[in-house]
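Geometric and topological summary
Residues per chain, in single letters:
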Amino acid sequence: MSNLHFDTLIIGAGLSGIGTACQLAEEFPHRSLAILERRDRIGGTWDLFRYPGIRSDSDMLSYGYKFRLWDSPKVLADGPAIRRYIQDTATEHGLDEKIHYGLRITSANWSSQQRLWQLTARHEASDTTRHYSCRFLLCCTGYYNHDDGFLPSFPGEEAFQGTRIHPQHWPEELDYRGKRIVVIGSGATAATLVPAMAKTAGHITMLQRSPSYIYSLPAVDKLTAVLSRFIPASWANGLARRRNILMYRAVYIACRQWPKLMRRVILSHVRRQVGPNVDMRHFTPSYMPWDERLCAVPDGDLFKVLRSGKASVETDHIERFTAQGILLKSGKELPADIIITATGLRLQILGGVALSVDGTPCPVGEQMTYKGVLLENLPNLAWIFGYTNISWTLKVGLAAQYLCRLFRHMEHNGLEVVTPYDNDANALDDGIMNSMKSGYIQRDQHFLPRQGRSYPWHVFMHYGRDKKMLLRDPVEDSRLEFLPTHQSTYSVAPSRASR
């Protein structure tokens, strides 16, 4: 099949890919753009995960796009609503016809001679190979493996006679009415599954090796709903977005600066929520707040089902699986018809794409990120990576605005190629998420780009600093090498979708 060429290619049609594409298409309508998507629908994470109760763990006003504000009073939205929001955003911005579905990108090679990225893709439905090229490649694939979640091996697991499920591969026809269910895990997925399934399950138990910090948020933003009666809804939502950004950022900073105080505040909040009959050791982590991500539950739904007796929590280690459930180290056995292993994710960068420059492999885990957007030693390539301490999309939006600044600078100055280089030995052995102690990050962080010692190679996860660095600091920088434009031999393919 002949090569399809575009000025810009974006890998991934999820929240990051669509948000970035909208801003680039608006700013540069004269540049050809296409989005390559592995799945058959828009949505990314929000199309992949379909387990009961799937929802955001960030407030939607800051998690949604700044250029198209979330307009529902619901604070933590469910997965289908978020996917519809992404789809509607793409439709409004005319991106539907720019998405090429069903493509697994296997490799991307930068040709210094042609000054192009050359991509090889497998169209999985037809089992055919397709070739693409572009001047600038943007990777919006997140940071985990969509094919396989993390699934540890449990002693005696082959003896269990019931149903075993990983949330990443949820069977659509699963009937769990009246069933005894054990959810292994203590993170956001487990905290979502337990109250959602408790409505019809016989009984559901959250089995955790160690507790996580869990706190309650109002399900509905009542203040914004009231303001909307007196001022335009867009104003009210804009004010609420700014309020939420400041509030969650302040909470994060407070947790890092005064961890013992904030630990007492959070645990006091939980104690009021769970009531006197639930043992607080199930909600008292051994680590400090924000060593791992905090987990939000709307209107304390998890705490409510625990108080009602429809659900319970066990903090223990697994001795082994049995035919009828799980035997714990303490000697207690948890009977189960269904075991759900909410045991986390596997990290994967760029969706598993093998990167190379002139045929020489260039592993992402050996490079640093420049301003958290570009990748060291890789020409004309950006990796869009959001925040892990506040709403992911806030950083995505800043990164897209920075790319617009960069592209304008290059166009105005007749520049064709940009490559970040470290000439000051800034590289550390730490990955960019090294401060997070979550098990899945610690297991696989060698896949992530490396952390730098100082600006602009250090990833701060700080919204205020990033706004200055990405939106106000000069684009020109001694760490960036620019090459002037020369005549390309490639013609631009028309923008059209293919399946």
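Position labels on residues start from 1 in each chain and follow its written sequence. Local features in a predicted model are, by the rule used here, given only for residues with pLDDT of at least 70; side-chain atom pairs are given and counted only at 80 or more, and totals for whole chains, interfaces and linings are based on all residues. Side-chain numbers come from the whole structure's heavy atoms, not from hydrogens or water.

1. A look at the overall build of the protein
For the record, the criterion: Put simply, DSSP H or I for four residues or longer makes a helix, DSSP E for two residues or longer makes a strand, and each gets a number counted from the N terminus. Only protein chains enter the accessibility calculation, which uses a 1.4 Å probe; a residue whose area is less than 20% of its type maximum is buried, one above 50% is exposed, and one in between is partly exposed. Using the Shrake-Rupley algorithm and a 1.4 Å probe, accessible areas are obtained, with residue cover drawn only from the displayed protein chains. The positive count covers Lys and Arg only, the negative count covers Asp and Glu only, and His and the chain ends enter neither. Taken as the charge location is NZ of Lys, CZ of Arg, CG of Asp or CD of Glu.
The number of helices and strands found in the protein is 12 helices and 25 strands. C-alpha atoms of the protein, sized along the principal axes, occupy 75 × 55 × 45 Å. Residue burial in the protein is summarised as follows: out of 499 residues, 57% are buried. Summing over all exposed atoms, the protein offers an accessible surface of approximately 21400 Å²; the carbon and sulfur share of this is 51%. The averaged location of the 49 negative side-chain charges in the protein is 6 Å from the averaged location of its 59 positive side-chain charges.

2. Observations regarding the packing of helix α7 (residues 233–257) against helix α8 (residues 259–274)
Selection criterion: Interaxial angles span 0 to 180 degrees and are taken between N-to-C directions of axes, which are lines fitted to C-alpha atoms, for helices over the stretch in contact. Note on terminology: angles under 35 degrees are roughly parallel, angles over 145 are roughly antiparallel, angles of 65 to 115 are roughly perpendicular, and the others are oblique. A contact between two residues is defined here by any heavy atoms of the two lying within 4.5 Å. Amino acids outside the nonpolar list (Ala, Val, Leu, Ile, Met, Phe, Trp, Tyr, Cys, Pro) and the charged list (Asp, Glu, Lys, Arg) are all regarded as polar, and Gly is one of them.
One can describe the packing of α7 onto α8 by two numbers: an axis separation of 5 Å at closest approach and a directional angle of 120°. Between α7 and α8, the crossing angle belongs to the class labelled oblique. Within the contact between the two elements, α7 uses V251, A254, C255, R256 and Q257 and α8 uses P259, M262 and I266. Residue composition of the contact of α7 with α8, grouped by class: six nonpolar, one polar and one charged.

3. Description of the pattern of salt bridges
Where we set the bar: Note on definitions: salt bridges are taken to be side-chain nitrogens of Lys or Arg within 4 Å of carboxyl oxygens of Asp or Glu.
Counted according to the given criterion, the structure contains 24 salt bridges. With its nearest N and O atoms 2.8 Å apart, the salt bridge here joins K468 to D473. By relative accessible area, which is 11% here, D473 ends up buried.

4. Section: the sheet that holds strand β12 (residues 311–315)
Put simply, the rule reads: The rule for pairing is simple: two strands pair if DSSP sees at least two bridges between them.
Ordered by their spatial adjacency, five strands build an open sheet running β7-β16-β8-β9-β12, and the pairing between neighbours is parallel. Bordering the open sheet on either side are β7 (163–165) and β12, each of which pairs with just one other strand. Sheet twist, expressed as the average angle between the axes of neighbouring strands with direction ignored, equals 20°. Relative to strand β9 (residues 203–208), strand β8 (residues 180–184) runs parallel, the two sharing five bridges. For V183, the partnering residue across the bridge sits in β9 and is M206. In this fold helix α5 (residues 188–198) packs onto β8, β9, β12 and β16 (338–341), with an angle of close to 170° to the strand it touches most, β9.

5. Details of a nonpolar patch on the surface
Note the threshold: Grouping into patches uses exposed residues only, defined as over 30% relative accessible area, and leaves out salt-bridged ones; the cut-off is 9 Å for like charges and 5 Å for nonpolar side chains (Val, Leu, Ile, Met, Phe, Trp, Tyr).
Taken together, the side chains of L223, L227 and L239 make up a nonpolar region of the molecular surface, amounting to roughly 250 Å² of accessible area. Topologically, L239 is positioned in helix α7.

6. Quick word on the nonpolar core
Note the following rule: Think of a nonpolar core as a cluster: buried Ala, Val, Leu, Ile, Met, Phe, Trp, Tyr and Cys residues, connected wherever their side-chain atoms sit within 4.5 Å.
In terms of nonpolar packing, the biggest core is built from 146 residues, with I18, W117, L119, L137, F283, L374 and L406 touching the most fellow members. The greatest single-element share of this core, amounting to 11 residues, is contributed by helix α10 (residues 392–412). Those residues in contact with F283 that sit more than four places away from it in its chain are P211, S212, I214, L267, V270, V274, V278, L302, F303, L306 and V313. Counting 12 residues, the second largest nonpolar core, distinct from the first, contains F154, L207, L334 and A336.

7. Examining the sheet that holds strand β13 (residues 318–322)
Taking strand neighbours across the sheet as the criterion, the three strands line up as β13-β14-β15 in an open arrangement whose pairing is antiparallel. Edge positions in the open sheet fall to β13 and β15 (333–335), since each of these has one partner strand only. Pairs of neighbouring strands in the sheet enclose a mean axial angle of 20°, with direction left out of account.

8. Some remarks on the packing of helix α1 (residues 15–27) against helix α4 (residues 79–92)
Here is the rule: Left-handed describes a crossing whose near helix is turned anticlockwise from the far helix through less than a right angle; right-handed describes the clockwise counterpart.
Their axes nearest at 10 Å, the elements α1 and α4 cross at an angle of 20°. Considered as vectors, α1 and α4 are oriented roughly parallel to each other. Once α1 is placed against α4, the crossing between them reads as left-handed. In this structure, α1 contributes L15, I18 and C22 to the contact, and α4 contributes I86, T89 and A90. By residue class, the composition of the contact of α1 with α4 is five nonpolar, one polar and no charged.

9. Focus on the packing of aromatic side chains
Heads up, the condition is: Each Phe, Tyr or Trp ring (for Trp, its six-membered ring) is paired with any other whose centre lies within 6.5 Å, and the angle between the two planes then decides the class: stacked below 30 degrees, edge-to-face above 60, tilted in between. When the NZ atom of lysine or the CZ atom of arginine is within 6 Å of a ring's centre and also within 35 degrees of its normal, the charge is said to sit over that ring.
One pass over the full model with this rule turns up 17 aromatic pairs. Relative to Y463, the ring of Y387 lies with its centre 6.3 Å away and its plane at 75°, an arrangement referred to as edge-to-face. Here the residue Y387 occupies a position in the loop between β21 (381–383) and α10, and Y463 occupies one in helix α12 (residues 463–472), the gap between them amounting to 76 residues. Side by side, Y387 and Y463 carry an identical accessibility label, which is buried. Through a chain of ring-to-ring contacts, the aromatic side chains of Y65, F67, W70 and Y85 assemble into a single cluster. Stacked on the ring of F28, the Lys or Arg R31 has its end atom at 5.5 Å from the ring centre. Stacked on the ring of F407, the Lys or Arg R31 has its end atom at 4.3 Å from the ring centre.

10. Let's talk about the environment of K179
If you trace the backbone, K179 turns up in the loop between β7 and β8. Not counting chain neighbours up to four residues away, the residues in contact with K179 comprise A201, G202, H203, D337 and I338.

11. Quick notes on the confidence of the model for the protein
Note the threshold: For every residue, the predictor states its confidence as a pLDDT score lying anywhere from 0 to 100.
Looking at the protein, pLDDT values average 90 and 94% of them are 70 or higher. A low-confidence stretch, residues 488–499 stays under pLDDT 50, and its non-local contacts, those more than four residues away or across chains, total 33 contacts.

12. Section: the environment of R320
Positionally, R320 belongs in strand β13. Judged by relative accessible area, which is 39%, R320 ranks as partly exposed. What R320 contacts, discounting residues up to four positions off in sequence, is P155, I326 and L327.

13. Things to note about the side chain of R249
For clarity, the cut-off: The definition of a polar contact used here is a pair of N or O atoms within 3.5 Å, where within protein one atom must be able to donate a hydrogen and the other to accept one, and adjacent residues in sequence count solely through side-chain atom pairs.
Take R249: it is sitting in helix α7. In this structure R249 is buried but unpaired, with D466 as the nearest side chain of opposite charge at 7.8 Å. In terms of polar contacts, R249 uses its side chain to reach the side chain of H462, at 3.4 Å. Among all residues touching R249, those that are not within four sequence positions of it are N389, I390, M461, H462 and Y463.

14. What to know about the pairing of strand β6 (residues 128–139)
In this sheet, β6 lies alongside strand β1 (residues 4–11) in parallel orientation, the contact comprising seven bridges. Counterpart to L9 in the pairing with β6 is L137. Taking the residues between adjacent antiparallel strands as the criterion, strand β5 (residues 116–123) and β6 are bridged by four residues, where D127 takes a positive phi near 55°. Of the strand pairs in this sheet, β6 and β21 are connected by three bridges, and their pairing is parallel. By the bridge assignment, L138 is partnered in β21 with A382.

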